[in-house]
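Residue-level structure breakdown
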Amino acid sequence: MSALTYQLYIDGAWRDSDGDGVLEVLNPATEEVIGAVPDGTVTDVDRAVAAARRAFDEGPWPTLSANERATVLLRMADVMERRVDELKELSVREAGSTRALADTLQVSVPLHHFRDMAERVLRQFPFERAMLPTVGPTLAQGVVRREPYGVAALISAYNFPLFLNILKLAPALAAGCTVVLKPAPTTPLEAFVLGEMADEAGLPPGVLNIVSGGIAAGEALTTHPGVDIVSFTGSDTVGRLVYTQAAQSLKKVVLELGGKSANIITADVDLDLVVPTIVNGMTTHAGQGCSLLTRTLVHRSRLDELVGLVKQRLDHITVGDPADPATTMGPLISAAQRAKVESLISAGRAEGAQVAYGGGRPAHLDKGFFVEPTLFVDVDNSMTVARQEFFGPVGVVIAFDDDDEAVRLANDSEFGLGGGVWAQSPVRAYEIAKRLRTGMIYINGGGAGSSPHTAFGGYKQSGLGLERGEFGLEEFLLSKSIIWSAR
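Read on for a plain summary of the structure. (Residues numbered from 1 in each chain as written. Predicted model: local features only at pLDDT ≥ 70, side-chain atom pairs only at ≥ 80, totals over all residues. Heavy atoms only, no water.)

**Examining the packing of aromatic side chains**
Here the structure, examined in full by the defined rule, presents 6 aromatic pairs. On the basis of an interplanar angle of 15° and a centroid distance of 5.4 Å, the ring pair of Tyr6 and Phe192 is categorised as stacked. Linking Tyr6 in the loop between strand S1 (4-5) and strand S2 (8-10) with Phe192 in helix H7 (residues 189-201), this pair joins segments that are 186 residues apart in sequence. Neither Tyr6 nor Phe192 differs from the other in exposure class; each is buried. A ring pair is formed by Tyr9 and Trp14, whose centres lie 4.8 Å apart and whose planes are at 50°; its orientation type is tilted. A connected cluster of aromatic rings, assembled from ring pairs, spans Tyr6, Tyr9, Trp14 and Phe192. Over the ring of Phe127 we find Arg69; its NZ or CZ atom is 5.8 Å from the centre of that ring. (Phe/Tyr/Trp six-rings, centres within 6.5 Å; stacked < 30°, edge-to-face > 60°. Helix = DSSP H or I, 4+ residues; strand = E, 2+ residues; numbered from the N terminus. Buried < 20%, exposed > 50% of the residue type's maximum accessible area, 1.4 Å probe, protein only. Lys NZ or Arg CZ within 6 Å of the ring centre and 35° of its normal.)

**Things to note about unusual backbone geometry**
Put simply, Gly59 and Pro60 share a cis peptide bond, and its omega is 15°. Following the sequence through the fold, Pro60 ends up in the loop between helix H1 (42-58) and helix H2 (66-82). Phi at Ala286 is positive, roughly 55°, even though this residue is not glycine. Judged by relative accessible area, which is 1%, Ala286 ranks as buried. With phi around 50°, Lys460 is a residue other than glycine that occupies positive phi space. Tracing the sequence through the fold places Lys460 in strand S21 (residues 459-460). What makes Lys460 partly exposed here is its relative accessible area of 38%.

**Quick word on H2**
Compared with an ideal rise of 1.5 Å per residue, which puts 17 residues at 24 Å, H2 spans 24 Å between its outermost C-alpha atoms and is within 8% of the ideal. Along H2, the residues classified as buried are Ala66, Arg69, Ala70, Val72, Leu73, Leu74, Met76, Ala77, Val79 and Met80. Where H2 is buried, its residues contact helix H3 (84-95), helix H5 (108-124), helix H6 (161-175) and H7. (Expected span 1.5 Å × (residues − 1). Contact = heavy atoms within 4.5 Å.)

**Description of the pairing of strand S12 (residues 252-256)**
With 4 of 5 residues buried, S12 is to be regarded as a mostly interior element. Pairing of strand S11 (residues 229-233) with S12 involves 5 bridges; the strand directions are parallel. Within S12, the residue paired with Ile229 across the bridge is Lys252. A crossover links S11 with its parallel partner S12, the connecting element being helix H9 (residues 236-247), and its sense is right-handed. (Pairing = 2+ DSSP bridges. Right-handed = clockwise from strand over helix to strand, strands pointing away.)

**Section: the packing of H6 against H7**
Relative orientation and spacing of two packed helices are given, respectively, by the angle between their axes and the distance between those axes. The geometry of H6 relative to H7 is characterised by a closest axis approach of 8 Å and an angle of 50° between their N-to-C directions. In terms of their interaxial angle, H6 and H7 are classed as oblique. As for how H6 packs across H7, the hand of that crossing is right-handed. Every residue of H7 that contacts H6 at Pro161, Leu162, Asn165 and Leu169 is listed here: Glu190, Ala191 and Leu194. Partitioning the contact of H6 with H7 into residue classes produces 5 nonpolar, 1 polar and 1 charged. (Axes fitted to C-alpha atoms, helices over the stretch in contact; angles between N-to-C directions. Parallel < 35°, antiparallel > 145°, perpendicular 65-115°, else oblique. Left-handed = near helix turned anticlockwise from the far one by under 90°. Nonpolar A, V, L, I, M, F, W, Y, C, P; charged D, E, K, R; others polar.)

**Notes on the packing of H1 against helix H8 (residues 215-223)**
Axis separation between H1 and H8 bottoms out at 8 Å; the angle between their running directions is 35°. Along this stretch, H1 crosses H8, giving a crossing that reads as right-handed. For the pair H1 and H8, the contacting residues are Val42, Val45 and Val49 in the first and Ala216, Ala217, Ala220 and Leu221 in the second. Among the residues making up the contact of H1 with H8, the classes are represented as 7 nonpolar, no polar and no charged.

**Quick notes on the sheet that holds strand S6 (residues 128-135)**
Ordered by their spatial adjacency, 3 strands build an open sheet running S6-S7-S23, and the pairing between neighbours is antiparallel. Edge strands, defined here as strands with exactly one partner in the open sheet, are S6 and strand S23 (477-485). Neighbour-to-neighbour, the strand axes of this sheet turn through a mean angle of 25°, independent of strand direction. Across 6 bridges, the pairing between S6 and strand S7 (residues 139-148) is antiparallel. Its bridge partner being in S7, Glu128 is matched across the sheet by Arg145.

**Brief notes about the pairing of strand S17 (residues 394-400)**
Among the 7 residues in S17, 7 count as buried, and that is most of the element. Sheet analysis places strand S14 (residues 293-299) next to S17, joined by 5 bridges and oriented parallel. Bridge pairing in S17 links Val298 to Ala399. In terms of strand pairing, strand S16 (residues 374-377) meets S17 through 3 bridges, oriented parallel. When the sheet's bridge partners are listed, Phe376 is paired in S17 with Val396.

Next comes the structure, spelled out in structure tokens:
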């Protein structure tokens, strides 16, 4: 695949940026340039928002019926599926995904979400509900309509570019909103390809606009008076900035932020079943996943046995270029992200936690942003490594003595996104899960994966609002009551 270059996608056409800045896209495994896009300016954002505003205020997209919007989105889904092999290859090169991850969470799963939104959610959703007759000064009846929120600014993260773009784009378009999408500066290519697909599917001009850029472009979007709703995925630090910036004009804000998710392992479970989930929580996409289970809480009686089994399994993780099908863990996205992870590893050592496995860079790789899978033991829940999100291949193990302590430790976190509970009795596991202050919990390994039938969102500093399926669609809708006299 040759290097890709894109212009900005505004008002249904490919257009030059107002500025001359360029964002080079690197393959994080080889550090080679694989593409380039404009470093969008504030003026570019203004043009994109103006196009989205016209498309919303003048239509026709917001006034189409749900079935009419579904027809267009299904055409777009067909285009995506014809290009699935190309999308998988791009995910490997741009996001550093292993081929197994590109086949599933990076491409196949988001395409399923997009099609499900058009085929199931959009066609079944009750956009208009009749009110029961109400007695007041007079007898009244009416309807409650669900209408699109308006112009949506969608700002996505780098770790699962296509997935995160689609989790925002599908419900926004299904609701009848018009969109300005700003991808992460390190992974913009998997956003611009959506512009090509929108063209082919016949999405009306201005309904989807795509502007790449850095901090200035992001702030221009979150503060823009022409934007009605902001949906952001990223770190809790940047999420606070987005929330503050949007508050000046009282925009609605949906935030999908970080996590430090706990995996509780009680004393009576088969550790051979548990260990793969611990290793996957550390190594899936080099730990670059907000809901990965990176904080292992294990009953003290099984601590040493568990650590030994995890170390044995980590010996079988193959770190390297994800273009090689034998690779099971690829790189971090950038030199800056690797530096952050290494800094946190150093902080863990300085605070007294012990590195039981890894802790450095793979000796056999002289290119790419790689870090070894790293396991910390002798960890106290107050330590930095137990509280801050690494977004890297690092896990911590903490012992507990009973279920109450496990719940206390799990809930003793600023975050509340994912979670896991392992117990021989599913009833016991369910009772523990009910006590956890977190948005998604897998009992004995779960199984639903990233289903569009599940709500995805966090408690506490892990975010505001929900994504996936009808839960995600609800975020992009306003309710309007229309009432008339029944006399």
